[in-house]
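Observations on the three-dimensional arrangement
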Amino acid sequence: MSWKVKIINELKSVGIATIYFLTWFGTLMLIKVLLLKDYNIEFTDVSMVFVGALVVAKVILIMEYIPLGSWVKKQPAYVDVLLRTVLYSLGVLVILIIEKGLEGSSEYGGFISSVIQTFNHADIYHVWVNTIVVFGALLSFNFLTLVRTRLGKGGLFRMLKEPPTLELK
């Protein structure tokens, strides 16, 4: 495979994953905007939604290549999906806490003081909401990755276009 084809495939993968996460993060942003309207507070992090979606997409696509060990390979597929989701979500939680610590470090006299203040302030709810939504996005992304792996490229769409073969009871 030529380097041009590899670059095009990589750009497609990143583009699709970015659109996926942009949909999740855009929905979160919309919910925040609607909730904050009640209190006449303007939401200003629109650009962070785009940057966050791009960064998360690229990081997740890289992390898919990291094996979780021989024990996980012997387990049912849902173990891999759940373990990756939990690990990635913990990473997001840590990054969000670091971000809050850096944002308030000058206001609270240092990084550690700012992190402690985050846990004692309403900002912690912002961190939890973002982490919960990202957890949902990652869980479904990892599940869809499993489905794509098992059904092959385009397999899910082929399956969805076909009439159901089994009657639901």
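Scroll up for the structure.
This structure is a prediction, so every number in the text was calculated from the model and none was measured.

Within the element layout of this structure, Phe25 appears in helix H1 (residues 3–37). Residue Phe25 is classed as buried on the basis of its relative accessible area, which comes to 10%. Each C-alpha atom of the pair Phe25 and Val133 lies 7.9 Å from the other, and the pair is 108 residues apart in sequence. For Phe25, the residues in contact, after removing those within four places along its chain, are Val49, Gly52, Ala53, Val56 and Val134.

Our focus in this paragraph is the environment of Ser140. Within the secondary structure, Ser140 sits in helix H7 (residues 123–151). Residue classification places Ser140 among the partly exposed positions, given a relative accessible area of 23%. Note: C-alpha distance between Ser140 and Tyr65 (75 residues apart in sequence) is 18 Å. Beyond its immediate chain neighbours, meaning those up to four positions away, Ser140 contacts Tyr20 and Trp24.

A separate point is the packing of aromatic side chains. Following the criterion strictly, the structure yields four aromatic pairs and no others. Taking the centre distance of 5.0 Å and the plane angle of 85 degrees together, the rings of Tyr20 and Phe21 count as edge-to-face. Phe21 carries the same exposure label as Tyr20, and that label is buried. A ring pair is formed by Phe21 and Phe25, whose centres lie 6.0 Å apart and whose planes are at 40 degrees; its orientation type is tilted.

Taken as a whole and assessed by the stated rule, the structure comprises four salt bridges. Residue Glu42 pairs with Lys37 through a salt bridge whose shortest N-O separation is 3.7 Å. Between Lys100 and Glu103 there is a salt bridge, with the nearest N and O atoms lying 3.6 Å from each other. Separated by three residues within a single helix, Lys100 and Glu103 lie in helix H4 (residues 77–103), roughly one turn from each other.

Rules used in this analysis
Residues numbered from 1 in each chain as written. Predicted model: local features only at pLDDT ≥ 70, side-chain atom pairs only at ≥ 80, totals over all residues. Heavy atoms only, no water. Helix = DSSP H or I, 4+ residues; strand = E, 2+ residues; numbered from the N terminus. Buried < 20%, exposed > 50% of the residue type's maximum accessible area, 1.4 Å probe, protein only. Contact = heavy atoms within 4.5 Å. Phe/Tyr/Trp six-rings, centres within 6.5 Å; stacked < 30°, edge-to-face > 60°. Salt bridge = Lys/Arg side-chain N within 4 Å of Asp/Glu carboxyl O.

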